[in-house]
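# Examination of the molecular architecture
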Amino acid sequence: VQLQASGGGLVQAGGSLRLSCVVSGIIFRNNKMGWYRQAPGKQRELVASIHLAGSSMYADSVKGRFTISRDNRKNTVALQMNNLKPEDTAVYYCNYSPPSSTFQPSANWGQGTLVTVSS
């Protein structure tokens, strides 16, 4: 299984970034997809997830600013991040989960992509 996240970078507060993750080695359309992030000194947290049919959930800290989407034809999941804040600075990872009620990430995390938001 490979999870290749990209799209991170340095942006000023208030700016936008779009992350993308290409997934291989799984039946993409049969899995929920999610974006996690890990800031320095903090635990990894789930910020957004999207179900097979397209319904999505967001952490309170990113609601109204982040949008997750998926393309089952291209085996990709994206995270559009608007109105970025310095506290969004973290390494962002995508992961997948069986379609259960709780997101259960796999052990495959990939390399992640670094997002740095300057104030």
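Here the structure is a predicted model, which is why all the values come from computation and not from measurement.

What counts, and where the lines are drawn
Residues numbered from 1 in each chain as written. Predicted model: local features only at pLDDT ≥ 70, side-chain atom pairs only at ≥ 80, totals over all residues. Heavy atoms only, no water. Helix = DSSP H or I, 4+ residues; strand = E, 2+ residues; numbered from the N terminus. Rg over C-alpha atoms; globule rule 2.2 N^0.38 Å. Buried < 20%, exposed > 50% of the residue type's maximum accessible area, 1.4 Å probe, protein only. Contact = heavy atoms within 4.5 Å. Areas by Shrake-Rupley, 256 points an atom, 1.4 Å probe, with all protein chains shown as cover. Lys, Arg positive; Asp, Glu negative; His and termini not counted. Charge placed at Lys NZ, Arg CZ, Asp CG, Glu CD. Core = buried A, V, L, I, M, F, W, Y, C linked by side-chain atoms within 4.5 Å. Pairing = 2+ DSSP bridges. Axes fitted to C-alpha atoms, helices over the stretch in contact; angles between N-to-C directions. Salt bridge = Lys/Arg side-chain N within 4 Å of Asp/Glu carboxyl O.

## A closer look at the overall build of the protein
When its secondary structure is counted, the protein shows zero helices and ten strands. Element order for the protein, N to C, with α for helix and β for strand: β-β-β-β-β-β-β-β-β-β. Taken over the C-alpha trace, the protein has a radius of gyration of 13 Å; the compact-globule value for 119 residues is 14 Å, and the two agree within 12%. Overall, the protein is about 40 × 25 × 25 Å in size when its C-alpha atoms are taken along their principal axes. A buried classification covers 41% of the 119 residues belonging to the protein. Across the protein, every contact between residues at least 6 apart in sequence was considered, and the portion connecting residues at least 24 apart equals 55%. Total accessible area computed for the protein in this model is approximately 6,200 Å², and 49% of it derives from carbon and sulfur atoms. Charge-centre separation for the protein: the mean point of 12 positive side chains lies 8 Å from the mean point of 5 negative side chains.

## Brief notes about the nonpolar core
Within the largest apolar cluster, 29 residues are counted, with the highest numbers of intra-cluster contacts made by Trp 35, Val 77, Leu 79, Met 81 and Tyr 92. Among the secondary structure elements, those contributing two or more residues to this core are β1 (2-6), β3 (17-24), β4 (32-38), β5 (45-50), β7 (66-71), β8 (76-81), β9 (90-97) and β10 (113-118). In contact with Tyr 92, other than residues within four places in its own chain, are Ala 5, Leu 19, Trp 35, Tyr 36, Arg 37, Phe 66, Leu 79, Met 81, Gly 112, Thr 113 and Val 115.

## Section: the sheet that holds strand β6 (residues 56-58)
In sheet architecture, strand pairing relies on hydrogen bonds along the backbone and comes in two forms, parallel and antiparallel. Reading across the sheet, the six strands line up as β2-β10-β9-β4-β5-β6 and stay open at both edges, with mixed pairing between neighbours. In this open sheet, the two strands that pair with only one neighbour each are β2 (9-12) and β6. The sheet shows a mean angle of 25 degrees between the axes of neighbouring strands, taken without regard to direction. Here seven bridges tie β4 to β9, and the two strands are oriented antiparallel to one another. Bridge pairing in β9 links Met 33 to Tyr 96.

## Some words on the pattern of salt bridges
In a structure, side chains of opposite charge can pair up when their charged atoms sit close to one another. A full pass over the atoms with the stated rule returns five salt bridges. Across the pair Asp 88 and Arg 37 runs a salt bridge, and its minimum N-O distance is 2.9 Å. Of the two residues, Asp 88 is situated in the loop between β8 and β9 and Arg 37 in strand β4; the sequence distance between them amounts to 51 residues. Each member of the pair, Asp 88 as well as Arg 37, is classed as buried. Measuring nitrogen to oxygen at the nearest pair gives 3.2 Å for the salt bridge that ties Lys 63 to Asp 60. What you see here is one network of salt bridges that share partners, running through Arg 37, Glu 45, Arg 65 and Asp 88.

## Observations concerning the side chain of Asp 88
With a relative accessible area of 0%, Asp 88 lands in the buried category. Contacts of Asp 88, omitting those with residues within four sequence positions, involve Arg 37, Arg 65, Phe 66, Asn 83, Val 115 and Val 117.

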